[in-house]
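These are the residues of each chain, in order.
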Amino acid sequence: MKTTTKCWCGNASLQDYSPTYARCAQCETLILKEWPFDDPTHVDDSGELYSKDYYLKHLPESYGFPSLYERARLDLTDRIPHWLRTLLKYRLPPASVLELGSAHGGFIAFLRSAGYQAVGLELSPWLVEFAQETFGIQMLQGPLESQNIPKASLDVIAHMDVLEHLPDPLGTMRIALELLKPDGIMLLQTPRFDPDKSYADLLAGNHAFLTHFKELEHLHLFSMPSLEKFFHGLDCPHVQFEPAIFSQYDMFAAVSRQPLRIIPDEGRVAALQASSSGRLMLALLDLYTRAEDLQYHADARLKIVQEQTTEMEMLRKVAQERLDLIHQLGNQKK
């Protein structure tokens, strides 16, 4: 193991935050204190950190996550429609997309069905083969730095839950951004550290963000201010935060060198209706939006019921106190 000496921003005066993480007060990033010596981006499925066992054993057994086989189904009805809908807000098919850390490849399959020219990338040879066989998609294998992708050739680079794993986030993202066209965008999801909460606060509230304190895996945990500073330093001043599907502990953002342009709803609909598979994606997104609306109204009604239940309990206590007082007065008269 090696001890962290400085933050990605260059600050070497790190503060103690938790038993396993240090805090950079200059940019508000958490940095894992003890890092592995081995290069986590080198994987040949011989037991390395992000090899086959990571997805089939480590994630389910250590964290209780669904297996990769289960996620290849479950993700298709929640996070993937959420990501696709957001991408359509900023870039329409047939844009070229590369997803870093594409896991089982379901997002790539959705993108291709929507009309995008989409390719995935993973470190594990086994996972690349799994994604190809499961969804019939094109995959690249190995670190981004080793790929032969022409510069300024991509419209979109997406990476979900990847940034926090990178040993050299500045270096990797600099290379990624070089692959984007001048008006290209990056779409990313990563854990969201709240600088206003101390470690004691997280523990006291059993905060969901504590699940991201993963030794050896999550090397940097960014805050919203630090993510903006990070990309500003890479000449990407336009950072637009979008609702994260797991907003209790994540953030979701679109990033670009040029001002981000929002595509009207009618433009998105027209783009998807241009193909038969796109129409199916549009129908799925419609269902996803309806389910969201139903959940929103259900949550709102549940909140009202909970508030009314609390009020009824208070009234019950007041009524009982009055009855008790009447009984006391009656006993005193006797």
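Residues numbered from 1 in each chain as written. Predicted model: local features only at pLDDT ≥ 70, side-chain atom pairs only at ≥ 80, totals over all residues. Heavy atoms only, no water.

**Thoughts on the nonpolar core**
Now for step 1: Of all hydrophobic cores here, the largest spans 47 residues; its most connected members are Leu98, Ile157, Met173, Met186, Phe213 and Phe231.
Now for step 2: The biggest single contributor to this core is helix α6 (residues 169-179), with four residues.
Now for step 3: With near-sequence residues (within four places) excluded, phenylalanine 213 lies in contact with Tyr17, Ser18, Thr20, Tyr21, Leu30, Tyr199, Leu202 and Leu221.
Now for step 4: Within the second largest apolar cluster, 32 residues are counted, among which are Ile108, Leu187, Ala244 and Leu282. (Core = buried A, V, L, I, M, F, W, Y, C linked by side-chain atoms within 4.5 Å. Buried < 20%, exposed > 50% of the residue type's maximum accessible area, 1.4 Å probe, protein only. Helix = DSSP H or I, 4+ residues; strand = E, 2+ residues; numbered from the N terminus. Contact = heavy atoms within 4.5 Å.)

**A word on the pairing of strand β6 (residues 96-100)**
Now for step 1: Among the five residues that make up β6, five are buried, leaving the element largely enclosed by the rest of the structure.
Now for step 2: Of the strand pairs in this sheet, β6 and strand β7 (residues 117-122) are connected by five bridges, and their pairing is parallel. Directly across from leucine 100, in β7, lies its bridge partner leucine 121.
Now for step 3: Of the crossover connections in this fold, the one passing from β6 over helix α4 (residues 106-114) to the parallel β7 is right-handed.
Now for step 4: Sheet topology places β6 next to strand β9 (residues 154-160); four bridges connect them, and they run parallel. Bridge pairing links glutamate 99 to alanine 158 in β9. (Pairing = 2+ DSSP bridges. Right-handed = clockwise from strand over helix to strand, strands pointing away.)

It is worth stressing that arrangement in space is one thing and function is another; only the former is reported here.
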